[in-house]
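Listed here are the chains, written in short residue letters.
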Amino acid sequence: MGTILHFGLGNFARAHLLDYTDQVGGWDVVGVSLRSSSVRDGLARQGFEYDLCVQGQGVRRIKVLRDVLVAPKDRAEIFDVMSDAEIISATVTEKGYHLDAAGKLNLQDPAIAADLAGQGPSTLIGFLAYGLAERRKPVTVLSCDNRMENGKTLETAVADFAEAAGLDVNWDSVRFPNAMVDRITPATTDAVRAISGDPMAVPTEAFSEWVIKDSFAGPHPDWPGVQLVEDVAPHEMRKLRMLNGAHSLLAYTGLERGLTYVHEAVRDPVLRPLVSELMKDAGATLPAALQAQVPDYAEALLRRFENPELAHRLGQIAMDGSQKLPYRFVPTFRETGSQAVIAGMRAWISYCMSEIAKGRALNDPCASEIATAVKQPDPVAPLLGLVGAEDLAPLIRE
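Residues numbered from 1 in each chain as written. Predicted model: local features only at pLDDT ≥ 70, side-chain atom pairs only at ≥ 80, totals over all residues. Heavy atoms only, no water.

Draft legend 1. Seen up close, the overall build of the chain. Of regular secondary structure, the chain possesses 19 helices and 12 strands. For 398 residues, the compact-globule formula gives about 21 Å, and the C-alpha radius of gyration of the chain, at 21 Å, lands near that figure. Seen along its three principal axes, the alpha-carbon backbone of the chain occupies a region of about 55 × 50 × 45 Å. When each of the 398 residues of the chain is scored for burial, the buried share is 56%. For the chain, contacts bridging at least 24 residues in sequence account for 73% of all contacts bridging at least 6. One way to put it: in the chain the 39 positive side-chain charges average out to a point 4 Å from where the 52 negative ones average out. (Helix = DSSP H or I, 4+ residues; strand = E, 2+ residues; numbered from the N terminus. Rg over C-alpha atoms; globule rule 2.2 N^0.38 Å. Buried < 20%, exposed > 50% of the residue type's maximum accessible area, 1.4 Å probe, protein only. Contact = heavy atoms within 4.5 Å. Lys, Arg positive; Asp, Glu negative; His and termini not counted. Charge placed at Lys NZ, Arg CZ, Asp CG, Glu CD.)

If you want it as structure tokens, here you go:
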């Protein structure tokens, strides 16, 4: 019935979009790896099938993936699939959008600049801009990343690129619906591989949620359980500020206390009240229509976090803090003055300083800027400036 071209084949995409699409039947997915061929090579050895290990529900074989293309080697093939796919989707994490502190496409970013100069493309933004300029049929571009207004943000970035590159895109035939995605999916461990017998197995929790604005340019799968709505924003706010905000708080404060996993951090007698406070504060920022859901949602999140079988590493969540905190922490503080957020911001600063002091490179697109800030006599203000919160420096120093 149709094809989805998906950029970014990390564990989350394989536990979320590919799982939903596999259950529908009649659609297939062609994946794109923007950098490494390791995922493609591993999946190719087993016919692009893999085990999804769903906690409490057993193992399900995912067979929807038709092929995986690798950007540096398969650009022509990627553009060929882009010309016909009904949906082009992406899970490239926050840093894959190459935005500056103001949320605009950073045209000076080396990868974006290289794409503009014709050396590629190698980025999602570059591929979309060049591909859409050649597209002759309507298409839906669906972001599956944890960003507020992810569809609108992606559309703006692609439009900025197209303008800078002098590309003519028929915007009337393209839709970028906002979407909210949720499913806790940790990195695969040797224990998971041993249990399933599949080296490409993906572990995930039973819970899964997907809310999409009902704005498609053409056909889409009848995904089971997906909510098609007029306004995704309330769902995005609930998830980003409560779940993701709590995750980041647990990550930085938990690592500071020598912990390794989410289930350890959420059971810590000091951190559990702190994360409950953050979720309560974040819940207070939600629209009135969602206020009654906050207590039950917060309790459900705590139960999900407590699950030791997921073995969700705090270090995995701590990556790319400069891209995450503007959405997970800052709005909650702006609206409530949350002291839990202040504690989380302090822990992030402490994490950055500690990692650099130990000689470890941060996994963050602003790693060089963070390293420069840490070397200053007073690093607090420049570090906060990277997340749009430089004015909070006096509160952080207290």
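Draft legend 2. Main features of the environment of Leu17. Assignment of secondary structure puts Leu17 in helix α2 (residues 17-24). Assessed through its relative accessible area of 2%, Leu17 is described here as buried. Among residues more than four places away in sequence, those in contact with Leu17 are Ile4, His6, Val29, Ser89, Cys144 and Trp210.

Draft legend 3. Looking closely at the packing of helix α4 (residues 75-82) against helix α6 (residues 124-134). Contact geometry for α4 and α6: axes closest at 10 Å, N-to-C directions at 55°. The orientation of α4 relative to α6 falls into the category oblique. Here the hand of the crossing between α4 and α6 comes out right-handed. The residues of α6 that touch α4, namely those facing Arg75, Ile78, Phe79 and Met82, are Phe127, Leu128, Tyr130 and Gly131. Of the residues that constitute the contact of α4 with α6, the class distribution is six nonpolar, one polar and one charged. (Axes fitted to C-alpha atoms, helices over the stretch in contact; angles between N-to-C directions. Parallel < 35°, antiparallel > 145°, perpendicular 65-115°, else oblique. Left-handed = near helix turned anticlockwise from the far one by under 90°. Nonpolar A, V, L, I, M, F, W, Y, C, P; charged D, E, K, R; others polar.)

Draft legend 4. Local environment of a negative patch on the surface. Residues Glu149, Asp214, Glu230 and Asp231 make up a contiguous surface patch of negative charge. Among the secondary structure elements, Glu230 is positioned in the loop between β12 (227-229) and α9 (233-256). (Patch = residues over 30% accessible without salt bridge, like charges linked within 9 Å, V, L, I, M, F, W, Y side chains within 5 Å. Areas by Shrake-Rupley, 256 points an atom, 1.4 Å probe, with all protein chains shown as cover. Salt bridge = Lys/Arg side-chain N within 4 Å of Asp/Glu carboxyl O.)

Draft legend 5. Examining helix α7 (residues 150-165) more closely. In this model α7 runs 22 Å from its N-terminal to its C-terminal C-alpha over 16 residues, within 8% of the 22 Å that 1.5 Å per residue would give. Within the sequence span of α7, burial applies to Asn150, Gly151, Thr153, Leu154, Ala157, Val158, Asp160, Phe161 and Ala162. One or two positions beyond α7, positive phi appears at Gly166, with a value near 70°. (Expected span 1.5 Å × (residues − 1).)

Draft legend 6. Region of the structure containing the packing of aromatic side chains. Taken as a whole and judged by the stated rule, the model has eight aromatic pairs. When the ring of Tyr252 is compared with that of Tyr351, the centres are 5.3 Å apart and the planes differ by 55°; the resulting orientation is tilted. You can see Tyr252 sitting in helix α9 and its partner Tyr351 sitting in helix α16 (residues 339-357), a full 99 residues away along the chain. Residue classification places Tyr252 among the buried residues on the basis of a relative accessible area of 1%. The lysine or arginine in question, Arg14, covers the ring of Tyr50, its NZ or CZ lying 5.8 Å from the ring centre. Lying over the aromatic face of Tyr297, Arg238 brings its terminal NZ or CZ to 4.6 Å of the ring centre. (Phe/Tyr/Trp six-rings, centres within 6.5 Å; stacked < 30°, edge-to-face > 60°. Lys NZ or Arg CZ within 6 Å of the ring centre and 35° of its normal.)

Draft legend 7. Local environment of the side chain of Thr153. Within the fold, Thr153 resides in helix α7. Taking the relative accessible area as the measure of exposure, Thr153 reaches 17% and is therefore buried. Of the polar contacts made by the side chain of Thr153, one reaches the backbone oxygen of Met148; its length is 3.4 Å. (Polar contact = N/O pair within 3.5 Å; in protein donor to acceptor, adjacent residues only side chain to side chain.)

Draft legend 8. Quick peek at the sheet that holds strand β1 (residues 2-7). The six strands are arranged β5-β2-β1-β6-β7-β8 in an open sheet whose pairing can be described as parallel. Each having just a single partner strand, β5 (65-70) and β8 (174-175) make up the two edges of the open sheet. By the bridge criterion, five bridges tie strand β2 (residues 27-33) to β5 in an arrangement that is parallel. Its bridge partner lying in β5, Ser33 is registered against Val70. (Pairing = 2+ DSSP bridges.)

Draft legend 9. Spotlight on unusual backbone geometry. Residue Pro121 is bonded to the preceding Gly120 through a cis peptide linkage, with omega at 5°. Mapped onto the elements of the fold, Pro121 is located in the loop between α5 (110-116) and α6. In this model, Glu149 sits at a positive phi of 50°, which is unusual for a non-glycine residue. Position of Glu149 relative to the elements: it lies in the loop between β7 (139-143) and α7. The phi dihedral of Ala311 is positive, around 50°, even though this residue is not glycine. With respect to the helices and strands, Ala311 occurs in the loop between α12 (294-305) and α13 (314-318). For Ala311, a relative accessible area of 22% corresponds to the partly exposed category.

Draft legend 10. Representation of the pairing of β2 within the structure. Here β2 lies mainly inside the structure; seven of its seven residues are buried. Residue alternation in β2 divides its side chains into two sets, Trp27, Val29, Gly31 and Ser33 and Asp28, Val30 and Val32, and both sets are buried. Of the pairings in the sheet, the one linking β1 to β2 comprises six bridges and is parallel in character. By the bridge assignment for β2, Leu5 is matched with Val30.

Draft legend 11. Focus on the sheet that holds strand β4 (residues 58-62). Pairing is mixed across the open sheet formed by three strands, whose spatial order is β4-β3-β10. In this open sheet, the two strands that pair with only one neighbour each are β4 and β10 (202-204). Neighbouring strand axes in the sheet, compared pairwise and without regard to direction, differ in orientation by 25° on average. Across the sheet, α2 is in contact with β3 (50-54) and β4; its angle to β4 comes to roughly 75°.

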